[in-house]
Amino acid sequence: MPLLGRGDSGFESLHPDMMEGAPKIVAFEQESLENALNIEHHLDAPEFDARVKEFCKEILNRENKIDDGNFANVFVEENEYPGLCFKKLKPLRDPRNSVHEEGRILDEIRNGVVEGVRTPMPYVSAEQYTRTDAGKVIQRKLLVMERIDGVTLRDIVEPKSVDRKQELPEGFDAEAYFNKLREFFTVLHDKHKIYHGDVNLGNLMIQADSLEPAVIDFGESFWGDSGEQVDPYGRVIIEGVEHEDFDLKKLSEMEEMVRRYIDKNFK
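Below: a short report on this structure. It should be emphasised that the depicted structure is a prediction, and the values quoted were computed from it without experimental measurement.

Structural notes on the overall build of the chain
Regarding its fold elements, the chain presents six helices and twelve strands. Counting every position in the chain, which comprises 267 residues, the buried fraction comes to 45%. Just so you have it, the chain exposes about 14200 Å², and 46% of that area is on carbon and sulfur atoms.

Put into structure tokens, the structure is as follows:
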């Protein structure tokens, strides 16, 4: 039985051994993964699978972090794995999407929704049952993505701590930035049928090189047909009642916060 399985644009569902220590792995874009992990292109499939398996088992057991949210800790290993971002879900704190499903969503839109707006490229997702020091078996869950070079709006406007405070990049154009994001979410909804569901200052970034937007964290997003009874945000559908788009509503709130910050600090 192969370790890796291909999904919609690369890998299909797996049937892994769920015993302790045997990770369930889904990889996206094998060539990109080889480059990201510095794996030789000439390796045959079993050897490649073994290298990816060992990488995932190693990262699943690391406890570093640079940021955290309701469901996950996020960390990087710039010396060892430059350009990668590791998202590890907290035990017993599951978002709407599994790490595999979030990876598939990112893979769906990795070629770009709107020119200039970035989302992280997914490389590999993994789940592994492991035993704690106290003897309890828990499941560790990991998504390895591209690290986007930039700064979140939260670290500019409402940093969690003084040491996280970042300055607004010189030349930032708030109107152009948010207009581009409005276009992004509109196309994301209409063309891809993906609804982010967690638009906030921490999930909107300013890219360092271009000052264009980047959107991260699709753990709470919805992809597909919402069914007849509820909309993609979980609201009951009532005939004749049109609900406001939640992503776009939150985006407008974020724009107001950023504009107030600019007015207060730069005018």
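Focus: helix α3 (residues 99-108)
In an α-helix there are 3.6 residues to a turn, and that puts residues three or four apart on one side. By the criterion of burial, α3 is predominantly enclosed, with eight of the ten residues buried. Those residues of α3 lying buried are V99, H100, E102, G103, R104, I105, L106 and D107. For α3, the elements touching its buried residues are β2 (24-27), β5 (81-89), β6 (122-131), β7 (137-146), β9 (194-195) and β12 (222-223).

A short note on the side chain of K87
Structurally, the position occupied by K87 is in strand β5. Reaching out from K87, the side chain makes a polar contact with the side chain of D217 at a distance of 2.9 Å. Excluding its chain neighbours within four sequence positions, the residues that come into contact with K87 are A72, N73, V74, E102, K141, L142, L143, M145, D217 and G219.

Considerations on the sheet that holds strand β8 (residues 150-152)
Backbone hydrogen bonds hold the strands of a sheet together, and the pairing may be parallel or antiparallel. Here we have three strands laid out as an open sheet, ordered β8-β10-β11, and antiparallel in their pairing. Two strands lie at the open edges of the sheet, namely β8 and β11 (213-215), each paired on one side alone. Pairs of neighbouring strands in the sheet enclose a mean axial angle of 35 degrees, with direction left out of account. In the packing of helix α5 (residues 174-190) onto the sheet, contacts are made with β10 (204-207) and β11, and the angle to β11 comes to roughly 40 degrees.

Re the nonpolar core
L181, F184, F185, L204 and F218 are the most contacted members of the largest nonpolar core, which has 38 residues in total. Where this core is concerned, the elements lending two or more residues are β5, α3, β7, α4 (153-157), α5, β10 and α6 (246-266). If one sorts the elements of this core by residue count, α5 sits on top with seven residues. Counting residues in hydrophobic clusters, the runner-up holds 22 residues, among them I25, F55, I59 and V124.

Things to note about the pattern of salt bridges
Any two side chains of opposite charge can pair, so long as their charged atoms come close to each other. Tallying each qualifying case throughout the model produces eleven salt bridges. A salt bridge links E102 to K87, with the shortest nitrogen-to-oxygen separation between them at 2.9 Å. Note that E102 is positioned in helix α3 and K87 in strand β5, a separation of 15 residues in sequence. Across the pair, K87 and E102 agree in class, each one buried. For R110, the salt bridge is made with D107, and the minimal N-O distance between the two is 2.8 Å.

Let's talk about unusual backbone geometry
Phi is positive for K193, which is not a glycine, with a value near 60 degrees. Of note, K193 is situated in the loop between α5 and β9. One non-glycine residue, L211, lies in the positive phi region at around 65 degrees.

Cut-offs applied
Residues numbered from 1 in each chain as written. Predicted model: local features only at pLDDT ≥ 70, side-chain atom pairs only at ≥ 80, totals over all residues. Heavy atoms only, no water. Helix = DSSP H or I, 4+ residues; strand = E, 2+ residues; numbered from the N terminus. Buried < 20%, exposed > 50% of the residue type's maximum accessible area, 1.4 Å probe, protein only. Areas by Shrake-Rupley, 256 points an atom, 1.4 Å probe, with all protein chains shown as cover. Contact = heavy atoms within 4.5 Å. Polar contact = N/O pair within 3.5 Å; in protein donor to acceptor, adjacent residues only side chain to side chain. Pairing = 2+ DSSP bridges. Axes fitted to C-alpha atoms, helices over the stretch in contact; angles between N-to-C directions. Core = buried A, V, L, I, M, F, W, Y, C linked by side-chain atoms within 4.5 Å. Salt bridge = Lys/Arg side-chain N within 4 Å of Asp/Glu carboxyl O.

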